[in-house]
Amino acid sequence: MGALLAVSRAIDRANALIGRLVMWLILAATLVSAGNAISRKAFDLSSNAFLELQWYLFGAAYLFAAAYTLQRNEHIRIDIISNHLPKGVRNAIELFGHVFMLLPFCALMVWETWPNMMESYRIGEGSSNYGGLIVWPAKACIVIGFALLFLQGISELIKRIAVIAGAIPEFQETHHTPLAVE
């Protein structure tokens, strides 16, 4: 169990770092949006590239933050119901959800989006909008985002099993799961 918890710690550290860095993408997207709006209104200048950059930045922030959100146990649940269930039932629901829903879905998304992203890169696919950006970076964000979410799902699965086995203490369900440091 110690080796698996070490893997979990490494995944947690990586996704925590990425999650903190992603916060800056929101600022960048906001600045691009404001700059584009100001240039459009004040100087009658507009750019599809700036609009698409704004979309790319918001999309990247959303996709890359999903793993961080899972790590911090901030995904939406029906807490009003789950908080009244015994810990064993909640653990079983979490295990079931990770093994049969989250991990297969993330693996499928990586599997299905990888070839499309690689083809887009290979042909240098550009936006259908005049003056738009190349498309493959946005498609790469989809692949990377789901890969990060898959890895965080593995980490959460390891931690949940460790809690059930008594290897690490139970953590607060309503807020943040600990990094697997225990």
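In short, a report on the structure. (Residues numbered from 1 in each chain as written. Predicted model: local features only at pLDDT ≥ 70, side-chain atom pairs only at ≥ 80, totals over all residues. Heavy atoms only, no water.)

**Notes on the environment of Pro137**
You can see Pro137 is positioned in helix H5 (residues 136-165). The spacing of Pro137 and Ser120 is 17 residues in sequence and 9.1 Å in space, taken between C-alpha atoms. (Helix = DSSP H or I, 4+ residues; strand = E, 2+ residues; numbered from the N terminus.)

**Considering the state of the cysteines**
According to the stated counting rule, one finds zero disulfides in the structure shown. Free of any disulfide, Cys106 has its nearest neighbouring cysteine sulfur in Cys141, separated by 16 Å. When its relative accessible area of 0% is taken as the criterion, Cys106 is described as buried. (Disulfide = S-S within 2.5 Å. Buried < 20%, exposed > 50% of the residue type's maximum accessible area, 1.4 Å probe, protein only.)

**Quick notes on helix H2 (residues 48-71)**
Helix length check: H2 (24 residues) gives 35 Å between terminal C-alpha atoms against 34 Å at 1.5 Å per residue, within 8%. The axis of H2 is deflected most strongly, by about 35°, at Ala65. The residue sitting at the N-terminus of H2 and contributing the capping side-chain oxygen is Ser47; that oxygen lies 3.1 Å from the backbone nitrogen of Ala49. (Expected span 1.5 Å × (residues − 1). Bend = angle between axes of the 7 residues up to and from the residue. Polar contact = N/O pair within 3.5 Å; in protein donor to acceptor, adjacent residues only side chain to side chain.)

**Some remarks on the pattern of salt bridges**
Following the criterion strictly, the structure yields four salt bridges and no others. Note that Asp12 is salt-bridged to Lys159, the shortest N-O span being 3.0 Å. Of this pair, Asp12 sits in helix H1 (residues 2-43) while Lys159 sits in helix H5, and the two are 147 residues apart along the sequence. Comparing Asp12 with Lys159, the two get one shared label, buried. One salt bridge in this structure joins Glu119 and Arg122, with 2.7 Å as the shortest N-O distance. (Salt bridge = Lys/Arg side-chain N within 4 Å of Asp/Glu carboxyl O.)

**Notes on unusual backbone geometry**
Excluding glycine, most residues fall at negative phi; most peptide bonds, likewise, are trans. Its identity as a non-glycine residue notwithstanding, Asp44 has a phi of 55°, on the positive side. Relative to the helices and strands, Asp44 resides in the loop between H1 and H2. Its relative accessible area of 69% is what places Asp44 among the exposed residues. At Asn73, a position not held by glycine, the phi torsion is positive, near 60°. Position of Asn73 relative to the elements: it lies in the loop between H2 and helix H3 (79-82).

The quantities given are spatial measurements derived from coordinates; they are silent on function.
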